[in-house]
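Geometric and topological summary
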Amino acid sequence: MEEPASNLQPDPLISDSPPKVIQQFDFSRIREIEKQIAVLSDKYSHHEEDYAKVTLLLQRLQEQVEQIHDKSGMSSMIMNILNQHFQGMKSNETTDTMAFHQEHSLRTLKLEDLLGKLSAKLEEVQIEMDLTKARIARVGDEQHQHLMNKIQQLELDLAQIKINLLDWQSLKTSCEKVDTIHEKVDDRIKEHLKMTIFGNQEELPESLLQWLSSNFVSKSSFQSLLKELELKIFKNITQYITVTKHMPSSDAMARTVTASMSGITEEEARILVNNALKLYSQDRIGMVDYALESGGGSILSTRCSETYETKTALMSLFGIPLWYFSQSPRVVIQPDIYPGNCWAYKGSQGYLVVRLSMMIYPTAFTLEHIPKTLSPTGDITSAPKDFAVYGLEDEYREEGILLGQFMYNQDGEPLQTFPVMVENESPFQIVELRVFSNWGHNEYTCLYRFRVHGKPNK
């Protein structure tokens, strides 16, 4: 190999310029020159060895080129190369085949082991299925026998019911026969008395008819008179309560009625007064409720108030509740008042928008709750406390005209009436009840009944 040109440059110490006259013989300089000559000689020998190697390689390359030009030589060379390649491939294939065979053997062993486990598991499942089938068959036989016994019992009960029904039908027929006999006997007795007293006359004498009409009245006339009297007593009771704010006793009212009416006993007057008081107790305030649902009132909205569900299952299937019962807001404008029959909403603040049966000038509002004596817990903490009533021009208006702000007293009467505090000249058909608080219940508030009173807009 040739050395780079930089390595073959002449030493700068050796110059082609004519030698100068050495004034003094320098041995160190000579030793240094000898060393450099030795180095150059060594490099030269190395170059000769590299040259010989390159020459040998060149000769081998020429021989190979000559063999390539010869077709037979080229074929033999290709065959040699292919043989060497195939031998390598055979050795690799043998190694790969052995590895694949070993891996296949391991997989086969694993699959056989897994198959054995699956067979054992299948036998266990089969045994469990056989036991289950036997258990189901045994239980099925017991249930079948139980059902057959029940069917037989029901058949016996049905036969007894049929016997009782036949007895009842025969008894009914006998009773109808008895009634028919009584009617016939009454007719015969009347006819006999008529024949005995008046002979063969077909009509009663005029004098007898006049006497009867002057001393007796017909049943229908008597009932209409009693009804008119009860209404008069009811109006008097309402007026008395409005003025005095007290409920009169039945004895005092009976004495008043007896003194003011002739021809009536005190016992009869007491019956009339009790009927009037009963009529009054059905409404208790004697004022028309224009929010009453049966009279034409309806619930339009509850705004954002949510109905409180008690989670008491009303209907269930196999222990799974299907439907929970909760009262709707409509119960607030219905007359039935008993514990639990109320609209319960979540929290202490609630809203209720009511359409009245007609356009009225509101004069008073009535809020009713059950008394503490009827409450299962002995208190009425779920009763509303502070509330207000607004008049609305339409149901979509959020802010109406304030008609009054009130407080329901839990220690007062169950039914409390509140007069309108803010006079207003406009009539309304839609009012809104807003409850701001209750008497201490943390989960819900109950509204039993809300009434609106007033004067119709003519």
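The rules behind each value
- Residues numbered from 1 in each chain as written.
- Predicted model: local features only at pLDDT ≥ 70, side-chain atom pairs only at ≥ 80, totals over all residues.
- Heavy atoms only, no water.
- Helix = DSSP H or I, 4+ residues; strand = E, 2+ residues; numbered from the N terminus.
- Buried < 20%, exposed > 50% of the residue type's maximum accessible area, 1.4 Å probe, protein only.
- Contact = heavy atoms within 4.5 Å.
- Areas by Shrake-Rupley, 256 points an atom, 1.4 Å probe, with all protein chains shown as cover.
- pLDDT = per-residue confidence, 0-100.
- Phe/Tyr/Trp six-rings, centres within 6.5 Å; stacked < 30°, edge-to-face > 60°.
- Lys NZ or Arg CZ within 6 Å of the ring centre and 35° of its normal.
- Polar contact = N/O pair within 3.5 Å; in protein donor to acceptor, adjacent residues only side chain to side chain.

What follows deals with the overall build of the chain. Each helix and strand in the chain was counted, giving 6 helices and 11 strands. The buried share of the chain, taken over its 458 residues, is 20%. Taking the intrachain contacts of the chain between residues at least 6 apart in sequence as the baseline, contacts between residues at least 24 apart amount to 72%. With the model as given, the accessible surface of the chain reaches about 34500 Å², and the carbon-plus-sulfur share is 58%.

Quick look at the confidence of the model for the chain now. Mean pLDDT over the chain works out to 75, with 61% of the residues at or above the 70 mark. Within the chain, the element-level pLDDT minimum falls on strand 2 (residues 313-317), averaging 54, and the maximum on strand 6 (residues 386-392), averaging 96. Scored below 50 in pLDDT, residues 1-23 shows 12 contacts in the model against residues more than four places distant or in partner chains.

Looking now at the packing of aromatic side chains. With the rule as written, the count across this model stands at 7 aromatic pairs. Pairing Phe365 with Phe450 gives two aromatic rings, centres 6.3 Å apart and planes at 15°, and the pair type is stacked. Of the two residues, Phe365 sits in strand 5 (residues 350-368) while Phe450 sits in strand 11 (residues 449-456), which places them 85 residues apart along the sequence. The lysine or arginine in question, Lys385, covers the ring of Trp439, its NZ or CZ lying 4.7 Å from the ring centre. Between the NZ or CZ atom of Arg434 and the centre of the ring of Tyr390, over which it lies, the distance is 4.1 Å.

Peptide bonds are mostly trans, and most non-glycine residues show a negative phi. The backbone phi angle of Arg303 is positive, close to 55°, even though this residue is not glycine. The topology assignment puts Arg303 in the loop between strand 1 (298-301) and strand 2.

Right, let's get into the environment of Gly440. Tracing the sequence through the fold places Gly440 in the loop between strand 9 (428-435) and strand 10 (444-447). Considering only alpha carbons, one finds Gly440 and Pro384, 56 residues apart in sequence, at a separation of 9.4 Å.

For the rest of this paragraph, the subject is the side chain of Arg449. Within the element layout of this structure, Arg449 appears in strand 11. On the basis of relative accessibility, which here comes to 4%, the residue Arg449 falls in the buried class. In terms of polar contacts, Arg449 uses its side chain to reach the side chain of Asp289, at 3.0 Å. Setting aside residues no more than four positions away along its own chain, Arg449 makes contact with Asp289, Leu292, Val332, Gln334, Pro335, Ile337, Thr366, Leu367 and Glu368.

Before going further, it helps to spend a moment on the side chain of Arg434. Of note, Arg434 is situated in strand 9. Reaching out from Arg434, the side chain makes a polar contact with the side chain of Glu432 at a distance of 3.2 Å. Filtering out sequence-adjacent residues up to four positions away, Arg434 remains in contact with Gly350, Tyr351, Asp386, Phe387, Ala388, Tyr390, Glu398, Glu399 and Gly400.

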